[in-house]
Amino acid sequence: MASESSPLLAYRLLGEEGGLPPNGAGGPGAASARKLSTFLGVVVPTVLSMFSIVVFLRIGFVVGHAGLLQALAMLLVAYIILALTVLSVCAIATNGAVRGGGAYFMISRTLGPEVGGSIGLMFYLANVCGCAVSLLGLVESVLDVFGADVTDSSALRVLPQGYGWNLLYGSVLLGLVGSVCTLGAGLYARASFLTFLLVSGSLASVLVSFVAVGPRNVLLPPRPGTNSSAGSPRSGHFTGFNSSTLKDNLGAGYAEDYTTGAMMTFASVFAVLFNGCTGIMAGANMSGELKDPSRAIPLGTIVAVAYTFFIYILLFFLSSFTCDRTLLREDYGFFRAISLWPPLVLVGVYATALSASMSSLIGASRILHALAQDDLFGIILAPAKVVSGGGNPWGAVLYSWGLVQLVLLAGKLNTLAAVVTVFYLVAYAAVDLSCLSLEWASAPNFRPTFSLFSWHTCLLGVASCLLMMFLISPGAAGGSLLLMGLLSALLTARGGPSSWGYVSQALLFHQVRKYLLRLDVRKEHVKFWRPQLLLLVGNPRSALPLLRLANQLKKGGLYVLGHVTLGDLDSLPADPVQPQYGAWLSLVDLAQVKAFVDLTLSPSVRQGAQHLLRISGLGGMKPNTLVLGFYDDAPAQDHFLTDPAFSEAGGATPALSSLFPPPRAPGSPRALSAQDYVATVADALKMNKNVVLARACGALPAERLGRGACGAPHRVDVWPLNLLRPRGGPGYVDVCGLFLLQMATILGMVPAWHSAQLRIFLCLRPGEAPGAAEGRLRALLTQLRIRAEVQEVAWGEGEGASGQEEEGDFVNGGRGDAEALALAGSANALVRAQQARGAAAGAGAPARGEDGPATALTFLYLPRPPADPARYPAYLGLLEALSRDLGPALLVHGVTPVTCTDL
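Residues numbered from 1 in each chain as written. Predicted model: local features only at pLDDT ≥ 70, side-chain atom pairs only at ≥ 80, totals over all residues. Heavy atoms only, no water.

1. Overview of helix α4 (residues 59-93)
At step 1: The first and last C-alpha atoms of α4 sit only 33 Å apart over 35 residues, clearly below the 51 Å expected at 1.5 Å per residue.
At step 2: A maximum bend of about 115° is found in α4 at G67.
At step 3: Among the 35 residues in α4, 27 count as buried, and that is most of the element. (Helix = DSSP H or I, 4+ residues; strand = E, 2+ residues; numbered from the N terminus. Expected span 1.5 Å × (residues − 1). Bend = angle between axes of the 7 residues up to and from the residue. Buried < 20%, exposed > 50% of the residue type's maximum accessible area, 1.4 Å probe, protein only.)

2. A few points about the confidence of the model for the protein
At step 1: Confidence along the protein averages 81 in pLDDT terms, with 85% of residues attaining 70 or more.
At step 2: With pLDDT under 50 throughout, residues 1-32 is counted as low confidence; its partners more than four residues away or in other chains account for 29 contacts.
At step 3: Across residues 839-850 the pLDDT falls below 50, and counting only partners more than four positions away or on other chains, this stretch makes 17 contacts in the model. (pLDDT = per-residue confidence, 0-100. Contact = heavy atoms within 4.5 Å.)

3. Observations concerning the packing of aromatic side chains
At step 1: Applying the stated criterion to the full structure yields 24 aromatic pairs.
At step 2: Aromatic side chains Y79 and Y312 sit 6.5 Å apart centroid to centroid with 65° between the ring planes, which places their arrangement in the edge-to-face category. Of this pair, Y79 sits in helix α4 while Y312 sits in helix α11 (residues 293-322); the two residues are 233 residues apart in sequence, bridging distant segments of the chain. In this structure, Y79 and Y312 share a single accessibility class: buried.
At step 3: Each residue in the set F51, Y79, Y307, F309, Y312 and F316 is aromatic and connected to the rest through ring pairs, giving one cluster.
At step 4: In this structure, R670 is placed above the aromatic ring of Y631, and the distance from its NZ or CZ to the ring centre is 4.2 Å.
At step 5: Sitting over the ring of W753, R704 keeps its end group 5.4 Å from the ring centre. (Phe/Tyr/Trp six-rings, centres within 6.5 Å; stacked < 30°, edge-to-face > 60°. Lys NZ or Arg CZ within 6 Å of the ring centre and 35° of its normal.)

4. Structural notes on unusual backbone geometry
The phi angle of most residues is negative, glycine excepted, and most peptide bonds adopt the trans form.
At step 1: The phi angle at N688 is positive, at roughly 60°, despite the residue not being glycine.
At step 2: Structurally, N688 is set in the loop between α25 (674-686) and β7 (690-695).
At step 3: By relative accessible area, which is 45% here, N688 ends up partly exposed.
At step 4: Located in the positive-phi region is R785, a residue other than glycine, with phi close to 55°.
At step 5: Summarising the element assignment, R785 is placed in the loop between α27 (772-783) and β10 (789-794).

5. Considerations on the side chain of T308
At step 1: If you trace the backbone, T308 turns up in helix α11.
At step 2: T308 gets classed as buried once you look at its relative accessible area, which sits at 0%.
At step 3: In contact with T308, not counting residues within four places along its chain, are V47, M50, F51 and Y79.

6. Brief notes about the pattern of salt bridges
At step 1: Within the structure shown, the criterion is met by eight salt bridges.
At step 2: Its salt-bridge partner being D632, residue R695 comes within 3.4 Å of it at the nearest N-O pair. Remark: D632 occurs in the loop between β6 (625-629) and α23 (644-647) and R695 occurs in strand β7; sequence separation between them is 63 residues. Exposure class is identical for R695 and D632. Each is buried.
At step 3: Residue R670 pairs with D633 through a salt bridge whose shortest N-O separation is 3.4 Å. On the criterion of sequence distance, the pair formed by R670 in the loop between α24 (654-659) and α25 and D633 in the loop between β6 and α23 is long-range, its members being 37 residues apart.
At step 4: Sharing partners across several salt bridges, the network here consists of D632, R695, E880 and R884. (Salt bridge = Lys/Arg side-chain N within 4 Å of Asp/Glu carboxyl O.)

Shown next, in the form of structure tokens:
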């Protein structure tokens, strides 16, 4: 629960501008770093990223192959996909303070560090590779005009070419881009604005040229690998506005790409178009430098998307009206040929490529800085934490500059273009998924001021991004998802911060609440019964083996660790129970048990146990079985000192050591008296709860309490008869006897107990012929699908003829305490004698001696406590005599039907 001095409340009340830095603390220059407006920080970089080089060099490619109608359809589909993600971005950005990191910050603070960190790293790599691709594209564009090896007669041929020269040109351009980004977001914004002006001027000249230039023939560039001097030169036609030209360009005309020779299809053309307009996160990546990111990101991104969509539509129409199919398909740079001033088109091409590389590099550096601040990948990203006095993360910029330089060494990156786009789409899908999760979780604190979205748009956005990934490159899509899974597994194993808030917890709460309401107790059926345990623990140091044994007995049911703190809230300044939950939850984690924790404050342990039995759980998930440790004088062991999970360095944390002191010394006073202990058992039975008393669980073989299968030979003995009432009772099919069989069978389903041999002891009544009762019991076990060895033993011979017992009594009516104690001792001797003997192969088979498997655990029938509370101490003495020196034993009394022979 958040305290009143939480950072969020302090931030809101003090009205700090711009929010907190990623690590939640102030830093040098944190306030001054936020200085970009909506236009310079979001609109300009987003427009330039969405235009990229496609707007100048691929308009003819798309319209020439797909035709105007299909091109418009492609553009509409692409922008619908992008718009769905934009709606999700706007919703998340207006739901609170957005810090540095853009999409990574949004995803990680919603889906958690594992998914957020993995997608953030992939988004970072996409920006790094995208920067390299833009620079190499810029180098190729420059060399197409100024390269020494160009065959075009109009080329200037002043720049030498080759791998080394190309790498040099790319490195020089990268140095220019890196210098701008290293000097800060302010210089980047000014450089971007200048680039924006150049691109806008170039586009304006192109638009004017469509109207001002008259019809002309345009010489087409030679196809790669052909001799340009052979045959007559080919030409396309710029017709000006002509309805016949528009009619010819309406339909699709897919043909071979003149640059690669590959046959174009709808999917391949769509992939090229979509690759060019995936820069919608360029403004969000600048979230750490924006004055008001919650306002600037939605407004600026929507304006940029609408503006680029309008420009693309206009260029598609103008190209279809004025250029024939040959010109569109055979010369992707036809804008220069029809321009009033061709050099201005070149300026636009170079400016868009340069701006895209700058946007990718600075976006990558901001994502990397946020990743480093969150310390998800350890020391490997430590250099990226360095910031300047003005708050510029120049360490992350240099780190990213170095990675881009490494990528440039690979030369041409055409094969990585699809991978880059797929990585972007993974991030977009994650943003949609984040918004979808928040909407489905119905969290009260998710109330964005931007309301033009719904879970339908989010779900459609996720599906469309995934579909587009596999449409562009199935291999890259599958590889990206595999990489995301591996990174998530790495971050899960490494552990991450728990203070971000996980939407998974909100979703689980929402679903669990819904299903708990549907878990109607009126529809319960014995076929699907399972134990739901409440284990009362005084000090876990001495109860650790029992805590693990109860975890094995639950069989997928509810398991609650209950503890009663003695006290009266009226006389205390604060509730002492609430601060204890953290230590108890740490105990559950270290012990590796699947349990809930329920603590209460009460004047007595008995009253606290009643509280927990009544209020633990919800709806149909409430404890039906109370588990208690045995009440005896055996010295308590400190299992924290011997258990590997707690004894290893760092296992027993200071919180555990302070809350759970060393076990009670022999002779020291107890928090629970013998009278109240038996009364607690009686209370549970009155409340129709099953009861399990566990004795000497500390002697259980360590391998039987583990999580894996165990091959050591052991036995589990079950005595489904009240040994203190040998003449009474309805036999072996009463509710309590069947409950013992069920609990022993459940334990055998646990991997650690698979190899244990189950033995059921059948006590013959006086005068009863051997074999008859055994046959009936075997038939019952067959119906119940329980595999066990049945052994008959004589018990109860010579007892008095009276078989009438008073309801609630534990020995034959009229028997004195001394005689009852002697009977319990005899029963104990019988059980110990059977433990000492080897497991028999069947009725009448010879015993194998004491070299057979040892008994690991004994299940005994727990008699009901007497009706008279004055006899509780005598009852406890009988239980002590009955279970003395038996080793680990569970005394069980069941009150609810648990087995069914029907399908």
